[in-house]
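Given next are the chains, with one letter for each unit.
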Amino acid sequence: MDDLQLPFAFRINELLPIARLLRASYQRDRADFVDLLPEDYKPKFLADYDAAVLAVEKATRSSVAVARRQNITERIDALLAALPQLLNRLEARVRRAEGLTVPAKKFGIEPARRDRNNHEHEGLADSLKTLLQNIEANKAALLAKGQTQAEIDQLQELYDDLVADSTAQGSSLSDQRLLTADNVQVFRALYKPMKQLMDDGKSLYKTSDKAKLKDYTLRNVRQQVRKEKGGDAPTGSPQPG
């Protein structure tokens, strides 16, 4: 493996919150894991896991990085806040417009709305791209129903900024200041037990508990992190008392 190659595809600044969610789930389900693999899930597992988390915290702790990430998050939030009203107004025009090249239900409004509500930023960029293509192909019909060029420009600007901000957020914590050979080793050391928890969690709950299975499925855990918008704040499901 390349010295700077990471073993995961999500953003570096999502590593810690995902790790904490998995830790909370493991604490809740620890008896099941010990029963499954008693030698692998001795008390030392959690101690080593916490040490790996602490090492990543130290590697990523930087006032410059934190400020940059906060600025990007605020910009994305502001962009997303403008989207629902734009989609609602466009939807009304699409519903009444005549001679559209695609049916109203397939125009692309609902996927954009769903991705926005689910905090799927990459998916939203793709949905907006399709939506803007359909708007351009049906521009005359939409303008005739009241759609303004200014509103179209807002959607285009939102798409452009979302793509740019998503790229910036993905790279802001993975520049040369953080993506060093030493730091990558630290990131790998934490992701290894995270991957073990996800794999073993699937083995435990794939057929027996669909709700718990989601707590060990990367897509679902990452989505929860983005919904909570807690940055690196500890998150997770409540533990039984």
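Residues numbered from 1 in each chain as written. Predicted model: local features only at pLDDT ≥ 70, side-chain atom pairs only at ≥ 80, totals over all residues. Heavy atoms only, no water.

(A) Here's a closer look at the overall build of the chain. Of regular secondary structure, the chain possesses ten helices and zero strands. Seen in sequence order, the chain has helices and strands lined up from the N terminus as α-α-α-α-α-α-α-α-α-α. Taking all 241 residues of the chain together, the buried fraction comes to 41%. Pairs at least 24 apart in sequence give 79% of the contacts found in the chain among residues at least 6 apart. Of the accessible surface of the chain, which amounts to about 12700 Å², a share of 51% is contributed by carbon and sulfur atoms. (Helix = DSSP H or I, 4+ residues; strand = E, 2+ residues; numbered from the N terminus. Buried < 20%, exposed > 50% of the residue type's maximum accessible area, 1.4 Å probe, protein only. Contact = heavy atoms within 4.5 Å. Areas by Shrake-Rupley, 256 points an atom, 1.4 Å probe, with all protein chains shown as cover.)

(B) Structural context of the packing of aromatic side chains. All chains considered together, the criterion is met by eleven aromatic pairs. Pairing phenylalanine 8 with tyrosine 191 gives two aromatic rings, centres 5.4 Å apart and planes at 50°, and the pair type is tilted. With a gap of 183 residues between them, phenylalanine 8 in the segment before α1 (15–36) and tyrosine 191 in helix α8 (residues 181–205) connect regions that are remote in the sequence. By relative accessible area, which is 8% here, phenylalanine 8 ends up buried. Ring plane angle 20° and centroid distance 5.9 Å describe the contact between tyrosine 205 and tyrosine 216, whose orientation is recorded as stacked. Note that tyrosine 205 is positioned in helix α8 and tyrosine 216 in the loop between α9 (210–214) and α10 (218–228), a separation of eleven residues in sequence. Taking relative accessible area as the criterion, tyrosine 205 reaches 4% and is therefore assigned buried. One aromatic cluster is present, built from ring pairs that chain together Tyr26, Phe33, Tyr41, Phe45, Tyr49, Tyr205 and Tyr216. (Phe/Tyr/Trp six-rings, centres within 6.5 Å; stacked < 30°, edge-to-face > 60°.)

(C) Quick peek at the confidence of the model for the chain. Within the chain, residue pLDDT values average 86, and 83% of them lie at 70 or more. The low-confidence segment residues 230–241 (pLDDT under 50) makes 23 contacts with residues lying over four places distant or belonging to another chain. (pLDDT = per-residue confidence, 0-100.)

(D) Geometry of the pattern of salt bridges. Per the counting criterion, the structure on display carries 16 salt bridges. Across the salt bridge formed by arginine 28 and aspartate 215, the nearest N and O atoms sit 2.8 Å from each other. On the criterion of sequence distance, the pair formed by arginine 28 in helix α1 and aspartate 215 in the loop between α9 and α10 is long-range, its members being 187 residues apart. For aspartate 215, a relative accessible area of 14% corresponds to the buried category. Across the pair arginine 113 and glutamate 91 runs a salt bridge, and its minimum N-O distance is 3.1 Å. Taken as a pair, arginine 113 in helix α4 (residues 109–117) and glutamate 91 in helix α3 (residues 63–96) lie far apart in primary sequence, 22 residues in all. Overlapping salt bridges bring together Arg11, Glu14, Glu122 and Arg226 as one network. (Salt bridge = Lys/Arg side-chain N within 4 Å of Asp/Glu carboxyl O.)

(E) The arrangement of the layout of surface pockets in detail. Each pocket or cavity is described by its volume, and for the second largest pocket that value is around 160 Å³. Lining the second largest pocket are Glu39, Asp40, Tyr41, Lys42, Lys44, Phe45, Asp48, Tyr49, Ala52, Ala189, Pro193 and Gln196. When contributions to the lining of the second largest pocket are tallied by element, the ones reaching two or more residues are α2 (43–60) and α8. Considering every element that reaches the lining of the second largest pocket, the biggest residue donor is α2, with five residues. (1 Å grid on protein atoms, 1.4 Å probe; cavity = no way out; pocket = protein on both sides within 12 Å on 5 of 7 lines; lining within 4 Å. Points joined across faces, edges and corners; volume = space filled by probe spheres on them.)

(F) Representation of the packing of α2 against α8 within the structure. Orientation of α2 relative to α8, taken along the N-to-C sense of each, is 145°, at an axis distance of 9 Å. When the axes of α2 and α8 are compared, the crossing they make is left-handed. Note on element contacts: α8 touches α2 through Asn183, Val186, Phe187, Ala189, Leu190, Pro193, Met194, Gln196 and Leu197, opposite Phe45, Tyr49, Ala52, Val53, Ala55, Val56, Ala59 and Thr60. Taken together, the residues of the contact of α2 with α8 break down into 14 nonpolar, three polar and no charged. (Axes fitted to C-alpha atoms, helices over the stretch in contact; angles between N-to-C directions. Left-handed = near helix turned anticlockwise from the far one by under 90°. Nonpolar A, V, L, I, M, F, W, Y, C, P; charged D, E, K, R; others polar.)

(G) The arrangement of α4 in detail. Among the residues of α4, those classed as buried are Ile109, Ala112, Arg113 and Asp115. Projected down its long axis, α4 carries its buried residues within an arc of 165°, all on one side. Immediately downstream of α4, the backbone of histidine 119 shows phi near 60°, a positive value. (Arc of directions from axis to C-beta.)

(H) Summary view of the nonpolar core. One finds Leu15, Leu22, Phe33, Tyr49, Leu190, Met194 and Leu197 to be the most contacted residues of the largest nonpolar core, which totals 31 residues. Mapped by element, the contributors of at least two residues to this core are α1, α2, α8 and α10. Those residues in contact with methionine 194 that sit more than four places away from it in its chain are Leu15, Ile18, Ala19, Leu22 and Tyr49. Ranked by size, the runner-up nonpolar core spans 25 residues in total, among them Leu80, Ala97, Ile109 and Leu162. (Core = buried A, V, L, I, M, F, W, Y, C linked by side-chain atoms within 4.5 Å.)

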